[in-house]
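Fold and contact review
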Amino acid sequence: MKQQDIENLVLWYQKNKRDLPWRHTKDAYKIWISEIMLQQTRVEAVKRYYEVFLKSLPTVYDLAQVSDDELLKLWEGLGYYSRARNLKKCACELVRSYQGVLPDDEKELLSLPGIGEYTAGAILSIAYLKPVPAIDGNVMRVLSRVYEDERDMLNSQVRKEYSEILRKFIKKYPPDDFTQSFIELGAVVCVPNGTPLCEECPLKRCCKAHRHHKELLYPVKSAKKPRKIISKTVFVFEYCGRYSILKKEEGLLSGTYEFPNVDEKMCQDDVKKYLAQQGCSFSKIVSLGEFKHIFSHLEWHMNAYVISLQKPFKDYLYVGLEEIKMNYSIPSAFQKILEKI
Ligand code: ADE
């Protein structure tokens, strides 16, 4: 990759960039929020979350003061709820020690909760126009093709080398456009799934994989560990038109609300016996069917049942359906069940 190639790329970006909400601001707080959301899901989905989130929490001070329940409701469906909790932790630290402003220094940013190299680079280059690159999966894919790099992209040495290369180039360009030009190219031209649009690519002259017609072989994918499968039985207890939920206090999805469940697959007869043993007095059990939810590293295979109670069972919260949907953060794994009740 030579200077001329980068120049072509930045010019291509300036001419072809998508009109995205976070590209209309230089407010570091807003750019930070957008970048954390963009690590979770597709650009199209982020647009909606971004608007709603910033309407509710327009400043660092609002984020530092929001209740965990409200925060996780704003994050509902985005996944990786620990990222949302880290946002708030970081906001509290910004209010406590940085007058409510994200610092424009790489070391200081990296010391804050939830801010890693990618996010620090994105904030510095896009919001503060500092010459620090940001390398996400898009950028790794582009560079692995340009250099026909056979190495595992999860290898931290590779990222380090790419960072050094980009640090040299970024000094000569507007840092915001430089960073986003690689991300944009990876998102719309040098795509991860399907055939990349190499004829439109401003880097086609320097791309080794393209020269050898081997774009699709990069990045080299190492064999992934298969996801662990967890079987679950989900109990939706119904009492007087209200349904049982409880707050998950720890582990995966902590802070969100779930339906009571056990890590064991039960048929309807098993459920009857199990609940009778627990001293639960119910009048009816209806199966809602089977549900599957895929996380990055595991899968939940769930059987769900609605159990009509004669008196409240355990100290779950009993809440009407509309109120659950309005006021409680129910992660996607349980949304499918909620919709079916
Ligand atoms: N993905 C990560 N950062 C992005 C950005 N600033 N614009 C579009 N997609 C992105």
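These notes cover the structure that comes with them.

Rules used in this analysis
- Residues numbered from 1 in each chain as written.
- Predicted model: local features only at pLDDT ≥ 70, side-chain atom pairs only at ≥ 80, totals over all residues.
- Heavy atoms only, no water.
- Core = buried A, V, L, I, M, F, W, Y, C linked by side-chain atoms within 4.5 Å.
- Buried < 20%, exposed > 50% of the residue type's maximum accessible area, 1.4 Å probe, protein only.
- Contact = heavy atoms within 4.5 Å.
- Near = heavy atom within 4 Å.
- Polar contact = N/O pair within 3.5 Å; in protein donor to acceptor, adjacent residues only side chain to side chain.
- Areas by Shrake-Rupley, 256 points an atom, 1.4 Å probe, with all protein chains shown as cover.
- Helix = DSSP H or I, 4+ residues; strand = E, 2+ residues; numbered from the N terminus.
- Nonpolar A, V, L, I, M, F, W, Y, C, P; charged D, E, K, R; others polar.
- Salt bridge = Lys/Arg side-chain N within 4 Å of Asp/Glu carboxyl O.
- Phe/Tyr/Trp six-rings, centres within 6.5 Å; stacked < 30°, edge-to-face > 60°.
- Lys NZ or Arg CZ within 6 Å of the ring centre and 35° of its normal.
- Disulfide = S-S within 2.5 Å.

Describing the nonpolar core
Ranked by size, the top nonpolar core spans 97 residues in total, and within it M1, W32, F53, L63, F182, L203 and I337 carry the most contacts. Excluding its chain neighbours within four sequence positions, the residues that come into contact with L63 are Y29, W32, I33, F53, L57, L71, L87, K88 and A91. With 14 residues, the next largest nonpolar core counts F235, I285, I307 and F313 among its residues.

Concerning the site of the ligand
Lining the immediate environment of the ligand, one finds L20, W22, R23, E35, L38, V43, Y118, Q180 and I183. Between the ligand and Y118, the relevant distance is 3.1 Å, taken from a nitrogen atom to a side-chain nitrogen or oxygen of the residue. A distance of 2.8 Å separates a nitrogen atom of the ligand from a polar side-chain atom of Q180. Taken by itself the ligand offers 260 Å² of open surface, and the protein chains cover 94% of this. Breaking the shell around the ligand down by element, the ones donating at least two residues are α2 (28-38) and α11 (175-188). In the shell around the ligand, the residues fall into six nonpolar, one polar and two charged.

A closer look at the pattern of salt bridges
By the definition in use, this model includes 15 salt bridges. A salt bridge links K73 to E76; its shortest N-O distance comes to 2.9 Å. For E76, a relative accessible area of 17% gives the class buried. Across the salt bridge formed by D263 and K232, the nearest N and O atoms sit 2.6 Å from each other. Of this pair, D263 sits in the loop between β4 (261-262) and α13 (268-277) while K232 sits in strand β1 (residues 228-239), and the two are 31 residues apart along the sequence. Among the residues examined, D263 registers a relative accessible area of 55% and is labelled exposed. On the accessibility criterion, K232 (6% relative accessible area) is buried. Overlapping salt bridges, with partners in common, bring together R18, R23 and E184 in one network.

Quick notes on the environment of Y316
By the secondary structure assignment, Y316 is in the loop between β6 (298-309) and β7 (317-319). Since its relative accessible area comes to 17%, Y316 is described here as buried. Here Y316 is in contact with F237, S244, I245, L246 and P260, once residues within four sequence places are set aside.

Some remarks on the side chain of S244
As for its position among the elements, S244 is in strand β2 (residues 242-247). Residues in contact with S244, not counting those within four places in the same chain, are F235, V236, F237, E258, F259, P260, Y316, L317 and Y318.

Notes on the packing of aromatic side chains
By the definition in use, this model includes 16 aromatic pairs. Both rings, one in Y173 and one in F178, keep their centres 6.2 Å apart while their planes meet at 25 degrees; by these two values the pair is stacked. In this structure F178 comes out as buried when scored by relative accessible area, which is 1%. Pairing F235 with F237 gives two aromatic rings, centres 5.9 Å apart and planes at 20 degrees, and the pair type is stacked. The class of F237 is buried, set by a relative accessible area of 1%. Sitting over the ring of Y80, R83 keeps its end group 5.0 Å from the ring centre. Lying across the ring of W300, K232 places its NZ or CZ 4.5 Å from the centre.

Quick look at the state of the cysteines
Counted under the stated rule, the structure contains zero disulfides. C90 takes part in no disulfide bond, and the closest cysteine sulfur to it belongs to C92, at a distance of 9.2 Å. Cysteine C201 remains unbridged, with the sulfur of C190 as its closest cysteine sulfur at 6.2 Å.

The analysis is restricted to geometry; functional conclusions fall outside its scope.
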